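Reading the structure
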Amino acid sequence: MSDLFSKFDPLIRQREELLATGLTDPFNLVMEKVESPTVAICNGKRTILLGTYNYMGMTFDPDVIAAGKQALDDFGSGTTGSRVLNGTYGGHKACEEALKDFYAMDHAMVFSTGYQANLGIISTIAGKDDYIVLDIDSHASIYDGCALGNAQIVPFRHNDIEALEKRLKRIPEGAGKLVVLEGVYSMLGDIAPLREMVAVSKANGAMVLVDEAHSMGFIGEHGRGVAEAQGIIDDVDFIIGTFSKSVGTVGGFCVSNHPKFEILRLVCRPYVFTASLPPSVVATAATSIRKLMDSADKRAHLWENSKRLHAGLRQLGFTLGTDEPQSAIIAVIMPDLEKGAAMWEALLHEGLYVNLARPPATPANMTLLRCSLCALHTDEQVGEILGMFAAAGRATGCIN
Ligand SMILES: Cc1ncc(COP(=O)(O)O)c(C=O)c1O
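Reading the values: rules and limits
- Residues numbered from 1 in each chain as written.
- Predicted model: local features only at pLDDT ≥ 70, side-chain atom pairs only at ≥ 80, totals over all residues.
- Heavy atoms only, no water.
- Helix = DSSP H or I, 4+ residues; strand = E, 2+ residues; numbered from the N terminus.
- Buried < 20%, exposed > 50% of the residue type's maximum accessible area, 1.4 Å probe, protein only.
- Polar contact = N/O pair within 3.5 Å; in protein donor to acceptor, adjacent residues only side chain to side chain.
- Contact = heavy atoms within 4.5 Å.
- Domains from an automatic or database assignment.
- Buried area = accessible area lost by both parts, 1.4 Å probe.
- Phe/Tyr/Trp six-rings, centres within 6.5 Å; stacked < 30°, edge-to-face > 60°.
- Lys NZ or Arg CZ within 6 Å of the ring centre and 35° of its normal.
- Expected span 1.5 Å × (residues − 1).
- Arc of directions from axis to C-beta.

It is worth spelling out the side chain of Ser-82 at this point. Its location among the elements puts Ser-82 in the loop between helix H2 (62-75) and helix H3 (90-103). Classification of Ser-82 by relative accessible area gives buried; the value is 9%. At 3.0 Å, the side chain of Ser-82 forms a polar contact with the backbone nitrogen of Val-84. Discounting residues that sit within four places of it in the chain, Ser-82 has contacts with Gly-87, Thr-88, Tyr-271, Val-272, Thr-274, Ala-275 and Ser-276.

The domains assigned to the chain are domain 1 (21-56 + 296-396) and domain 2 (60-293). With centres defined by C-alpha atoms, the gap from domain 1 to domain 2 works out at 27 Å. Taken together, the contact pairs 25 residues of domain 1 with 22 residues of domain 2. Both sides together, the interface formed by domain 1 and domain 2 hides about 2,000 Å², and carbon and sulfur atoms give 64% of it. On the domain 1 side of the interface with domain 2, the three residues burying the most area are Tyr-53, Arg-299 and Gln-326, jointly 29% of the side's total.

Before going further, it helps to examine the packing of aromatic side chains. Evaluation of the coordinates by the stated rule reveals eleven aromatic pairs. Between Phe-5 and Phe-8, the ring centres sit 5.5 Å apart and the planes meet at 80°, which makes this aromatic pair edge-to-face. Given the relative accessible area of 54%, Phe-5 is considered exposed. An angle of 80° between the planes, with centres 5.5 Å apart, marks the rings of Phe-318 and Phe-389 as edge-to-face. One end of the pair, Phe-318, is in the loop between helix H12 (296-316) and strand S13 (329-334); the other, Phe-389, is in helix H14 (residues 379-395), with 71 residues separating them in the sequence. On the accessibility criterion, Phe-389 (0% relative accessible area) is buried. Across the ring face of Phe-8, the terminal group of Lys-7 is positioned such that the distance to the ring centre comes to 5.4 Å.

A few words now on H2. With 14 residues, H2 extends 20 Å from end C-alpha to end C-alpha; this agrees with the ideal 20 Å at 1.5 Å per step. Among the residues of H2, those classed as buried are Val-64, Ala-67, Gly-68 and Ala-71. Angularly, the buried residues of H2 cover 100° about the axis, an arc narrow enough to put them on a single face. Seen from the buried face of H2, the exposed residues on the opposite side, beyond 90 degrees, are Pro-62, Lys-69 and Asp-73. Looking at the buried side of H2, the elements it contacts are helix H11 (279-292). You can read the cap of H2 off the contacts: a side-chain oxygen lies 2.9 Å from the backbone nitrogen of Asp-63, and it is on Asp-61. Once H2 ends, the next one or two residues include Gly-76, with phi positive near 85°.

Here it is as structure tokens:
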């Protein structure tokens, strides 16, 4: 019998070698207590959270929590069914109404995760003779959506408008085309030139899907994302998003103005063949989404935090993923995995949690310390964070 696990041997060896150095496992940290969107207890120590997707700090919002508790009391702990059978409650409809209002769009479809939203929408709308043109740095859920469907996949160089245009022009006349883009790319925290890319896509007869997972709630006047900020949201055919970031719970969605959109509820397998979200989750999501509509002050503070952290880290001598802060994600580029892991651990000892990201999740084989800011990080906390980066950076030799 051949061992089906032998393909994982190189990864097992790499992991064992890293842990043999005495390093804390960066992929097995336990949050023992979570005190707020910005502070948790890890290994018995107060730790500032700078590696969550809690951009707008909604997880402890009193209205959000009250809505979830009420729904648990009124509707129980779960639906035990698919959206197309017994799994659509009033709360799911209310959540979709909140999304329609938030985006000012005609249709909204809630999935059990953002991953499933990409999986479902991409695999369903792009069929056998169609083409999907996508940025090479797209999220795993976008690639998996392509893999689940039958369309031809055409990747283009990250954020390269000319490369996108060239790929589009090579597709046979009359074929269906879907261009898949992200507002914010979550590894380096850079944004897409959506205005130009959407224009090129439309000029070449393609429909456009934009994943705004990391911009919802924060970027754009109403928090609708990069497409809103760049003034082209009306030209985007499908926006994908998640509740697991700014909304502060779990779930995913697609919003659209396409007149035939509702048919997807019957043909989209990752929507049909899975249980719907628990009533408490859709209640917290709907409450959070409605509050995010009215959060201009928090958006402004989050931009302040992002600018201050970016400038401070740069001044300390770290190499960052973007020249300017473009989102709530600031990526610190590490020379290699060993140094990255050592720096990650040193920061944890200082009392700071960031994400350690490594290939294959990262572009160009980079090891990154990904910092994601929250609108509820105080000025004082941002100061503390910079102090911790200075101490850990010097202790590990990452900076002088
Ligand atoms: C760009 C992007 N799309 C989709 C998802 C999936 O979201 P969810 O956590 O809701 O499955 C993520 C999650 O990290 C993401 O970064």
